Amino acid sequence: MALKVGNTIDIVTESRKAITVWEKLIADDDGIISGTRSYVMVEALNEGDICQVFKATGPNAETVVAKVCRHEADNDLVENEARIIPKLNPTEAKEEAFFRYIPKLVESVPWEGLQVNIITYFEGWVSLADILKAYPAGIDFKDAAWMFKRTLAGVGYAHTKNIVHGAVLPPHVLVHPIQHGAKILDWSYAVENGERHISAMSTDYAAYYPPEVGAKEIPTSATDIFMIAKCMVALLGGNVTTNAMPDAVPKALQSYLLDSLQEPYRMRPKDAWDLHGSFDELLKIIVGKSKYRPFAMPVTT
Ligand SMILES: Nc1ncnc2c1ncn2[C@@H]1O[C@H](COP(=O)(O)OP(=O)(O)O)[C@@H](O)[C@H]1O
Ligand SMILES: [Mg+2]
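Counting of residues starts from 1 at the beginning of each chain's written sequence and follows it residue by residue. By the order in which they are written, chains take letters starting at A while ligands take numbers starting at 1. Totals for whole chains, interfaces and linings use every residue, but because this is a predicted model, local features are given only for residues with pLDDT of at least 70 and side-chain atom pairs only at 80 or more, for both listing and counting. Remark: hydrogens and water are excluded; side-chain values derive from all non-hydrogen atoms of the structure.

Enquirer: Would you explain the overall build of the chain in this entry?
Expert: Check the secondary structure of the chain and you find ten helices and 13 strands. It is over C-alpha atoms that the radius of gyration is taken, and the globule rule equals 2.2 Å times the number of residues to the power 0.38. The C-alpha radius of gyration computed for the chain amounts to 19 Å, which stays within 12% of the reference 19 Å derived for 301 residues, consistent with globular compactness. The dimensions of the chain, computed from C-alpha atoms along their principal axes, are 55 × 40 × 40 Å. Categorising residues by exposure relies on relative accessible area from a 1.4 Å probe, with only protein chains included: less than 20% of the type maximum marks a residue as buried, more than 50% marks it as exposed, and the intermediate range marks it as partly exposed. The buried share of the chain, taken over its 301 residues, is 51%. By definition in these notes, contact holds between two residues if any of their heavy atoms fall within 4.5 Å. A separation threshold of at least 6 residues defines the contact pool for the chain, and within that pool the share at least 24 residues apart is 64%. Residue exposure ignores everything except the shown protein chains as possible cover, and the areas themselves are Shrake-Rupley values with a 1.4 Å probe. Carbon and sulfur atoms make up 53% of the accessible area of the chain, which amounts to about 13900 Å² in all. Charge assignment: positive for Lys and Arg, negative for Asp and Glu; neither His nor the chain ends contribute. Where a charge sits is defined by one atom per residue type, namely NZ (Lys), CZ (Arg), CG (Asp) or CD (Glu). Counting 30 positive and 38 negative side-chain charges, the chain places the averaged centre of each group 6 Å from the other. Helical segments are the DSSP runs of H or I of at least four residues, strand segments are the runs of E of at least two, and each set is numbered from the N terminus.

Here it is, written out as structure tokens:
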């Protein structure tokens with residue numbers, strides 16, 4: 001659940017009460033209507049902190065994701081995502097290559113007083129939360145390595161546009177096991193140009209947040225970098241509270257990550273691109289020449 005920083009709204013109770021609303025929405029052939037367009041829900045995909053997330057069919061029979069806000073009090077977060085994603089659109093040709101890390105916003109529409117973001121659907125991608133669930137003891141550092149690099153690239157792209165994501169947490173990073181890409185989801189918490197503090201936190205992932213978020217300080221790129229490093233600690237089978245990592249994780253990699261986990265943000269690296277480069281150097285030392293390793297999720301029936 002999302003907890004507004006400095007506020008105590010319990011949205012869980014509300015969402016449980018409202019469960020039949022979602023069943024009705026899936027059964028409804030008209031779906032969510034926006035002008036002459038309609039989005040018909042196909043199936044429930046997931047429950048985020050703020051939204052019920054559906055796979056839906058758009059007006060041109062395209063498959064999209066509809067993120068439907070569960071509680072009116074959180075509409076501002078959904079609207080923030082709709083405001084931020086278009087700011088991440090490429091403005092120069094050289095940015096095109098990085099835009100693949102970001103979902104596209106199709107549109108943002110109100111539905112029965114609740115804000116809905118329609119975004120591109122990523123079929124066949126899995127979140128770091130899915131991976132942690134499938135591999136609770138962690139994954140090989142060589143697999144985590146490309147996930148780290150792709151996450152840095154996607155978040156680093158946002159930083160070049162002066163946008164801090166503000167919640168780089170396991171459910172918000174999708175990776176493709178074969179293509180080795182990443183998609184950075186959920187821009188609801190993002191802050192542009194250091195305009196304000198991060199207004200809400202995901203309580204399930206409290207241990208992933210650096211102290212400046214709870215302290216309502218202005219976030220910086222180093223805020224995202226801390227959370228990316230926490231995701232890595234988790235993927236490597238480490239303890240996200242103490243940052244202790246298993247012995248199988250090379251010591252040089254452990255200290256590399258700990259550098260990004262220092263509490264005062266001024267002590268941390270702040271440039272995701274520099275980190276991307278220095279991480280490649282580190283990998284050369286630890287593993288030598290990089291080799292493609294397809295990643296496998298356990299087969300579910
Ligand atoms: N575009 C998408 N494609 C595939 N799955 C998605 C997509 N967007 C969200 N999801 C799934 O829904 C989950 C919650 O999405 P999120 O954007 O974090 O919602 P919330 O804003 O409610 O927290 C994600 O962890 C992911 O599993
Ligand atoms: Mg979320």
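Past the structure itself, the notes keep going.
Enquirer: For this particular structure, what's the right way to read the packing of aromatic side chains?
Expert: What describes a pair of aromatic rings is the distance from one ring centre to the other and the angle between the planes of the rings. In this analysis, rings of Phe, Tyr and Trp, with Trp reduced to its six-membered ring, are considered paired at centre separations within 6.5 Å, and the interplanar angle assigns stacked below 30 degrees, edge-to-face beyond 60, and tilted for intermediate values. What the rule picks out here adds up to eleven aromatic pairs. Ring centres of phenylalanine 148 and tyrosine 256 lie 6.5 Å apart, and the angle between their planes is 85°; this geometry places the pair in the edge-to-face category. One end of the pair, phenylalanine 148, is in helix α6 (residues 141–160); the other, tyrosine 256, is in helix α9 (residues 251–259), and 108 residues separate them in sequence. Given a relative accessible area of 3%, phenylalanine 148 falls into the buried group. What makes tyrosine 256 buried here is its relative accessible area of 14%.

Enquirer: Can you help me understand unusual backbone geometry in this one?
Expert: Of all residues except glycine, most have a negative phi; of all peptide bonds, most are trans. Despite not being glycine, asparagine 193 has its phi angle at roughly 50°, a positive value. Locating asparagine 193 in the fold gives a position in the loop between β12 (191–192) and β13 (200–202).

Enquirer: What is the right way to read the pattern of salt bridges from this model?
Expert: Should their charged atoms come close, side chains of opposite charge can pair. Within this document, salt bridges are pairs made up of a side-chain nitrogen of Lys or Arg and a carboxyl oxygen of Asp or Glu, the two lying within 4 Å of each other. With the rule as written, the count across this model stands at 16 salt bridges. Sharing partners across several salt bridges, the network here consists of Arg83, Lys87, Glu192, Glu195 and Arg196.

Enquirer: Explain the sheet that holds strand β2 (residues 32–34) here, please?
Expert: What holds strands together in a sheet is hydrogen bonding between their backbones, with the strands either parallel or antiparallel. Here six strands make up an open sheet; going across it, the order is β2-β3-β4-β5-β7-β6 and the pairing antiparallel. What marks the edges here is a single partner per strand, and that holds for β2 and β6 (105–111). Averaged over all adjacent pairs, the angle separating strand axes in this sheet is 35°, with direction ignored. Note that strand β5 (residues 63–69) and strand β7 (residues 114–120) share five bridges and pair antiparallel. If you follow valine 68 over to β7, its bridge partner there is valine 116. Following DSSP output, two strands are said to pair if at least two bridges run between them. Axis lines are fitted through C-alpha atoms, for helices just across the contact stretch, and the angle between N-to-C directions can take any value from 0 to 180 degrees.

Keep in mind these numbers describe shape, not what the thing actually does.
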